[in-house]
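Here are the chains, one letter per residue:
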Amino acid sequence: MTLVAGVDSSTQSCKVVVCDAATGAVVRSGSAPHPEGTEVAPAFWLEALHKALDEAGGLGDVAAIAVAAQQHGMVCLDEDGAVIRPALLWDDTRSAVAAAELLDELGGPGEGAQAWAEAVGSVPTASFTVTKLRWLAEHEPEHAARTASVCLPHDWLTWQLGGARSGQGLGGNALATDRGDASGTGYFSPASGEYRLDLFERALGRVAEVPGILDPSQPAGHTADGVMLGCGTGDNAGAALGVLASPGDVVVSIGTSGTVFAVCDHPVADPTGIIAGFADATGRFLPLVCTLNAARVFRAAARLLGVAQHELFSLALQAPAGAGGLVVVPYLEGERTPNRPFATGAVHGLRLSTATPAHFARAVVEGVLCGLAAGLDALLAQDVHAERVILIGGASRSETVRRIAPGILGRPVVVPVAAQHVAVGAARQAAWALGGKADPPRWSSGRATTYEAESLESVRARYTEVCDMTASVPSFGEGPG
């Protein structure tokens, strides 16, 4: 049996799966936590990767490995390849002002969103790497001046697996990436397949080295022990590979962030900024809507009620659909879609009759799902086909979420067998690189369960009304950082 390994280096942890290269069956696995925070020293990711690999039995019998990781994170290296400062992660909102500056600078006031969408398929927000570079140039000019190369979390980890060491310089072991992850930087065009270094320079003030773009099945090198390295990708593109998504599929993932994305054959450029026009890991496109607030909202709500998370979900099913008019706007970390980086959460419609743990729990679940449903609507408005909705992510394992989701999303929901889909997708990419064929291996997707429910359009309408109401309330403070 030929074995391949896949890595999911997410915000919260590193997961590794070792799979049969022919079938995709998971043979063994391992995991290790990451530190909390919106800026993290990359060395912690590497330490967690090695721990997860050890728990998964190591790479001694593995032929190839690939890394999928959280998108957008800014990793700055000096001329010797050493990390200059902790990486700013996707959920760090301190570059919101920088995003607004960049928006106005390209195309002029009122025209910037269209210009950015045409240039790179996305309108920059605080999540994108390009805005973090502008923040670095303005707030840490000494670090900006030392920056010789900029890469993303998966790029850096792949580079480290290939034997990179600080002090050896960058030239002998070049950084590499793929279209999928590069498309989240804000200075790469998925439509043309090329970097927009003019936008990189606009942000940082000068051009630095960026990773080379590899084809989807092209190896990025080998480890010191001869294990082939797949080019890797971003976590959402990895998830699409892991669930075998194809054109016509929309994936809704409820993890640390909430994402709604679809595999399609045409690029999407949305000047409203709701959709990020990413590339996928196969040569196609992956238009995506991302919300900052997803599974962590459930944990926070459970903590507020003083119950375990599974009890929160049980309570939610004890309240009626719509929670009696109680609405929770779950912007506990600001929000990316809609772009409200300094927004806060809100509870509206509290009455004596709805002042119960069950009503609050129901409103929390519906609030998170309503935010994702708005993302699905945005994709449909861009002529993205949705023949089926695939529900994944940690929260998809909740029977409550599965039962409520079809009503909020307005269509049946397919839930695949629970798995580390991002890591499995990375392993599938590793098998693709190993096989050297034109298409990725046709692994089995396993048995899936379909959930259906009556459409809850009135709940969606009520949520939208409250969101519009809270948008006019001024935010206090200047946000994180």
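Heads up: these notes are all about the structure in this document. (Residues numbered from 1 in each chain as written. Predicted model: local features only at pLDDT ≥ 70, side-chain atom pairs only at ≥ 80, totals over all residues. Heavy atoms only, no water.)

**Examining the overall build of the protein**
In terms of helices and strands, the protein carries 15 helices and 24 strands. The C-alpha radius of gyration computed for the protein amounts to 21 Å, which stays within 12% of the reference 23 Å derived for 481 residues, consistent with globular compactness. Along the first, second and third principal axes, the C-alpha set of the protein runs to 65 × 55 × 40 Å. Here the contacts in the protein between residues at least 6 apart in sequence split such that 72% fall between residues at least 24 apart. Placing the 32 positive and 50 negative side-chain charges of the protein at their respective mean positions leaves the two points 6 Å apart. (Helix = DSSP H or I, 4+ residues; strand = E, 2+ residues; numbered from the N terminus. Rg over C-alpha atoms; globule rule 2.2 N^0.38 Å. Contact = heavy atoms within 4.5 Å. Lys, Arg positive; Asp, Glu negative; His and termini not counted. Charge placed at Lys NZ, Arg CZ, Asp CG, Glu CD.)

**Re the nonpolar core**
The tendency in soluble globular proteins is for nonpolar side chains to be buried side by side. Residues Val4, Leu133, Tyr187 and Phe200 are the most contacted members of the largest nonpolar core, which totals 61 residues. Ranked by the residues each element gives to this core, the list is headed by helix α14 (residues 421–435), at eight residues. Leaving out residues up to four positions away in the same chain, tyrosine 187 has contacts with Val120, Thr129, Val130, Leu133, Val150, Tyr195, Arg196, Leu199, Phe200 and Val210. (Core = buried A, V, L, I, M, F, W, Y, C linked by side-chain atoms within 4.5 Å. Buried < 20%, exposed > 50% of the residue type's maximum accessible area, 1.4 Å probe, protein only.)

**Re the packing of aromatic side chains**
Tallied over the full model, the rule gives five aromatic pairs. Ring-pair connections join several aromatic residues into one group, and the members of that group are Tyr187, Phe188, Tyr195 and Phe200. Lying across the ring of phenylalanine 285, arginine 179 places its NZ or CZ 5.2 Å from the centre. (Phe/Tyr/Trp six-rings, centres within 6.5 Å; stacked < 30°, edge-to-face > 60°. Lys NZ or Arg CZ within 6 Å of the ring centre and 35° of its normal.)

**Digging into the side chain of aspartate 280**
Looking at the element boundaries, aspartate 280 is found in the loop between β18 (276–279) and β19 (285–291). Here aspartate 280 occupies a buried position and makes no salt bridge, while the nearest side chain of opposite charge, arginine 179, is found at 4.2 Å. In this structure, aspartate 280 is in contact with Asp178, Arg179, Gly180, Ala237, Val263, Phe285 and Leu286, ignoring residues within four places of it in sequence. (Salt bridge = Lys/Arg side-chain N within 4 Å of Asp/Glu carboxyl O.)

**Comments concerning the pattern of salt bridges**
In total, this model carries 19 salt bridges according to the counting rule given. Notably, a salt bridge pairs arginine 134 with glutamate 105, separated by 2.9 Å at the nearest N-O pair. In this pair, arginine 134 sits in helix α4 (residues 129–139) while glutamate 105 sits in helix α2 (residues 96–105), placing the two residues 29 residues apart along the sequence. For arginine 134, a relative accessible area of 9% corresponds to the buried category. Its salt-bridge partner being aspartate 265, residue arginine 284 comes within 2.9 Å of it at the nearest N-O pair. Taken as a pair, arginine 284 in the loop between β18 and β19 and aspartate 265 in the loop between β17 (258–262) and β18 lie far apart in primary sequence, 19 residues in all.

**Focus on unusual backbone geometry**
Threonine 337 connects to proline 338 through a cis peptide bond whose omega is 0°. Looking at where proline 338 falls in the secondary structure, it is placed in the loop between β20 (327–329) and β21 (346–348). If you check the backbone angles, histidine 72 has positive phi at about 80° while not being a glycine. Structurally, histidine 72 is set in the loop between β5 (62–69) and β6 (75–77). By relative accessible area, histidine 72 is classed as buried at 3%.

**Quick notes on the sheet that holds strand β22 (residues 388–392)**
Spatially, β18-β19-β17-β16-β22-β23-β24 is the arrangement adopted by the seven strands of the open sheet, whose pairing is mixed. The open sheet has two free edges, formed respectively by β18 and β24 (448–451), since each of these has just one partner strand. Pairwise comparison of adjacent strand axes, ignoring direction, gives a mean angle of 30° for this sheet. Here strand β16 (residues 249–254) pairs with β22 via five bridges, running parallel. In the sheet register, valine 250 faces β22, and the bridge partner there is valine 389. (Pairing = 2+ DSSP bridges. Axes fitted to C-alpha atoms, helices over the stretch in contact; angles between N-to-C directions.)

**Brief notes about helix α9 (residues 235–242)**
Of all eight residues in α9, eight are buried; the element is thus mostly enclosed. What α9 keeps buried is the set Asp235, Asn236, Ala237, Gly238, Ala239, Ala240, Leu241 and Gly242. Turning to α9, the residues buried within the fold contact β5, β15 (233–234), β17, β19, β22 and α14. Of the residues one or two after α9, leucine 244 is the one with positive phi, at around 60°.

**Concerning the side chain of serine 189**
Along the chain, serine 189 turns up in strand β10 (residues 188–189). Taking relative accessible area as the criterion, serine 189 reaches 6% and is therefore assigned buried. Reaching out from serine 189, the side chain makes a polar contact with the side chain of serine 192 at a distance of 3.2 Å. (Polar contact = N/O pair within 3.5 Å; in protein donor to acceptor, adjacent residues only side chain to side chain.)

**Remarks on the packing of α2 against α4**
At a minimum axis distance of 8 Å, the contact between α2 and α4 shows a crossing angle of 105°. Our classification of the angle between α2 and α4 gives roughly perpendicular. Judged by residue contacts, Ala98, Ala99, Glu101, Leu102 and Glu105 of α2 engage Val130, Thr131, Arg134, Trp135 and Glu138 from α4. Each residue belonging to the contact of α2 with α4 can be placed in one class, and the counts come to five nonpolar, one polar and four charged. (Parallel < 35°, antiparallel > 145°, perpendicular 65-115°, else oblique. Nonpolar A, V, L, I, M, F, W, Y, C, P; charged D, E, K, R; others polar.)

The values are spatial; any link to function lies outside them.
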